[in-house]
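The lines below spell out each chain.
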Amino acid sequence: MGENPIIRDKLNMSSTIIRTAALMAVFTFVSKLLGFVREMVIAGIFGTSYIVDAYVMAQSIPDMLFGGIFASVGTAYMPTFSEITEKNGNKAGDLFTSRLINTAVVAAALLSAVGIALSANITRLIAPNFSAETMELTSFYLKITFGYMVFTCVSSIFDSYLRYNGSFLHPIIAGYMQNAGVIIMAVVSAYTNHYLFAFGILLGYALRFLYQTAAVRKIGYRHSMSFSLKGEVKQILILAVPVFIGSYVSQINSYVDKTLASGLSEGSVAALNYGHILVAFITGLTTTIIATIIYPKITKAAINGEWDFFNAAADMGINLIMIIAVPFSMGAMVFAGEVVQIVYERGAFDESATALTGTAFFFYACGLAFMALNEFLVQIYYSLKDMKTPIKCASVGVAVNIVLNLSLVGKMAHGGL
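Model, not experiment: these values are computed from the prediction. (Residues numbered from 1 in each chain as written. Predicted model: local features only at pLDDT ≥ 70, side-chain atom pairs only at ≥ 80, totals over all residues. Heavy atoms only, no water.)

Draft legend 1. Seen up close, the overall build of the protein chain. Across its full length, the protein chain carries 16 helices and zero strands. Here the C-alpha atoms of the protein chain give a radius of gyration of 21 Å, agreeing with the 22 Å that 2.2 N^0.38 yields for 417 residues. Projecting the C-alpha coordinates of the protein chain onto the three principal axes gives extents of approximately 65 × 50 × 40 Å. Expressed as a percentage of the 417 residues in the protein chain, the buried residues total 50%. Taking the contacts inside the protein chain whose residues are at least 6 apart along the sequence as the reference set, 85% of them involve residues at least 24 apart. In the form shown here, the protein chain has an accessible surface area of approximately 18100 Å², with 66% of it arising from carbon and sulfur atoms. Positive and negative side-chain charges of the protein chain, numbering 25 and 23 respectively, have mean locations separated by a distance of 11 Å. (Helix = DSSP H or I, 4+ residues; strand = E, 2+ residues; numbered from the N terminus. Rg over C-alpha atoms; globule rule 2.2 N^0.38 Å. Buried < 20%, exposed > 50% of the residue type's maximum accessible area, 1.4 Å probe, protein only. Contact = heavy atoms within 4.5 Å. Areas by Shrake-Rupley, 256 points an atom, 1.4 Å probe, with all protein chains shown as cover. Lys, Arg positive; Asp, Glu negative; His and termini not counted. Charge placed at Lys NZ, Arg CZ, Asp CG, Glu CD.)

Below is the structure:
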């Protein structure tokens, strides 16, 4: 009897994904180590002080308000770019990419200017429970962090461009540049003035952008200064609207968490941030890699109508993610305190900071498998250009989060959040 071609293709794809994932895991591990070095440097210098609270809030606000716009464009980009490239060739794909980037840069510059002008008002609105000192510092940091939006709007598009063309390592290496900028300015601010601290975000994204620009040019991309809001660019903007709504709905969770945490004991916002970073480290090194590799494959399959391959890839991705995520979730819950102590406890990060962060990490770890699976399922819908179903699911999640936050924060403080 002959071998089933679907099973054969699935086995070959599985082998390729595992090899690629292993290589990506090594590079991602280095990237995450740099990320941890960044957080350890910050924790060692500033602990869970009001400076970190202001820094975390100022870093989050641009994402909460406008970041979803550019992230949604980057997400909707790959299915549209795939369709154009598969049907009309690489030159048509590059022209579409150029027009989209040019439009995004203009929009980012305008939104950044508005954010900088209204930074004090935005801070009072989003973090009303901050002390006067923390609020003033957050407002100053916010003027700086709004500036990186110009770079990040291009980065999300370039990341998708590189991955579609099979270049999975360059987006990871670009993260090295970003972490380096933050570390450099954290050290500089420690020996000079903490007001310089937030400049690290701007420097990091600028370095990331420069590296990505070199990487896409190396694989053949040529930028054009052409502008157009018609055709495919208009199509992707239409597709991006529901993606933006979905991402903005998800950002409400972060906003509610941080707003409620800002009224708790000092360091609660920072503890939630440190705990979330640990979970992001685990998923970024494991399940996110699987989703990243499979997404371009199922996108191409959907465009070309190769539904057997599409179903096989989606099925394999779900199984691999659950096999990896469940044991990691259980391990993180059992050793939450020890992990936080090993990673963070030094310098200004004392035992009380470890206790705060350990609680946050434990409860984040409870949902690790669901976070990982959700990320992949959303990409499956996006590959099919179904941008509405994830919005419905995200809306339900936000409603549950708000109800549970309000119910639990009084008894469990930031652990309830």
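Draft legend 2. Spotlight on the pattern of salt bridges. In total, this model carries three salt bridges according to the counting rule given. With its nearest N and O atoms 3.1 Å apart, the salt bridge here joins Glu83 to Lys87. Of this pair, Glu83 and Lys87 are both found in helix 2 (residues 50-88), four residues apart, which corresponds to roughly one turn of the helix. The class for Lys87 is exposed, based on a relative accessible area of 58%. (Salt bridge = Lys/Arg side-chain N within 4 Å of Asp/Glu carboxyl O.)

Draft legend 3. Focus on the packing of aromatic side chains. Summed over all chains, the structure comprises 16 aromatic pairs. Plain terms: the ring middles of Phe140 and Tyr195 are 5.0 Å apart, the flat faces sit at 75° to each other, and that makes the pair edge-to-face. Of this pair, Phe140 sits in helix 5 (residues 132-145) while Tyr195 sits in the loop between helix 7 (169-191) and helix 8 (199-218), placing them 55 residues apart in sequence. On the basis of relative accessibility, which here comes to 29%, the residue Phe140 falls in the partly exposed class. The partly exposed category is assigned to Tyr195, whose relative accessible area is 27%. (Phe/Tyr/Trp six-rings, centres within 6.5 Å; stacked < 30°, edge-to-face > 60°.)

Draft legend 4. Just the environment of Glu338, in detail. Considering the arrangement of structural elements, one finds Glu338 in helix 13 (residues 336-344). In sequence terms Glu338 and Thr354 are 16 residues apart; their C-alpha atoms lie 9.0 Å from each other.

Draft legend 5. The environment of Leu260, seen in detail. Within the secondary structure, Leu260 is located in helix 9 (residues 231-261). Using a relative accessible area of 24% as the deciding quantity, one classes Leu260 as partly exposed. In this structure, the C-alpha to C-alpha distance between Leu260 and Phe46, residues 214 residues apart in sequence, is 22 Å. The residues touching Leu260, leaving out its near neighbours within four places in the chain, are Asn405, Leu406 and Leu417.

Draft legend 6. Broad picture of the confidence of the model for the protein chain. For the protein chain, per-residue confidence averages 81 on the pLDDT scale, and residues scoring 70 or more make up 93% of the total. Considering each helix and strand of the protein chain separately, the mean pLDDT is smallest for helix 1 (residues 5-46), with a value of 71, and largest for helix 8, with 88. (pLDDT = per-residue confidence, 0-100.)

Draft legend 7. Layout of the packing of helix 10 (residues 268-285) against helix 14 (residues 351-366). As a packed pair, helix 10 and helix 14 sit with axes 8 Å apart at the nearest point and diverge in direction by 45°. Classed by the angle they form, the pair helix 10 and helix 14 counts as oblique. For the pair helix 10 and helix 14, the sense of crossing is right-handed. Of the residues in helix 14, those touching helix 10 at Ala271, Leu272, Tyr274, Gly275, His276, Leu278, Val279 and Ile282 are Leu356, Thr357, Ala360, Phe361, Tyr364 and Ala365. Its residues assigned to classes, the contact of helix 10 with helix 14 shows eleven nonpolar, three polar and no charged. (Axes fitted to C-alpha atoms, helices over the stretch in contact; angles between N-to-C directions. Parallel < 35°, antiparallel > 145°, perpendicular 65-115°, else oblique. Left-handed = near helix turned anticlockwise from the far one by under 90°. Nonpolar A, V, L, I, M, F, W, Y, C, P; charged D, E, K, R; others polar.)

Draft legend 8. Examining a nonpolar patch on the surface more closely. A contiguous nonpolar surface patch, about 450 Å² in accessible area, is contributed by Val106, Leu110, Met225 and Phe227. Tracing the backbone shows Val106 in helix 3 (residues 90-117). (Patch = residues over 30% accessible without salt bridge, like charges linked within 9 Å, V, L, I, M, F, W, Y side chains within 5 Å.)

Draft legend 9. Molecular detail of unusual backbone geometry. Although it is not a glycine, Lys385 sits at a positive phi angle of roughly 60°. Structurally, Lys385 can be placed in the loop between helix 15 (368-383) and helix 16 (389-412).

Draft legend 10. Spatial organisation of the packing of helix 12 (residues 307-334) against helix 15. Remark: helix 12 packs on helix 15, axes separated minimally by 8 Å, with the N-to-C direction vectors making an angle of 165°. Here helix 15 runs roughly antiparallel to helix 12, going by the angle between their axes. Pair helix 12 / helix 15 crosses with right-handed handedness. Across from Phe310, Ala313, Ala314, Gly317, Ile318, Ile321, Met322, Ala325, Val326 and Ser329 in helix 12, the residues of helix 15 making contact are Leu368, Ala369, Ala372, Leu373, Phe376, Leu377, Ile380 and Ser383. By residue class, the composition of the contact of helix 12 with helix 15 is 15 nonpolar, three polar and no charged.

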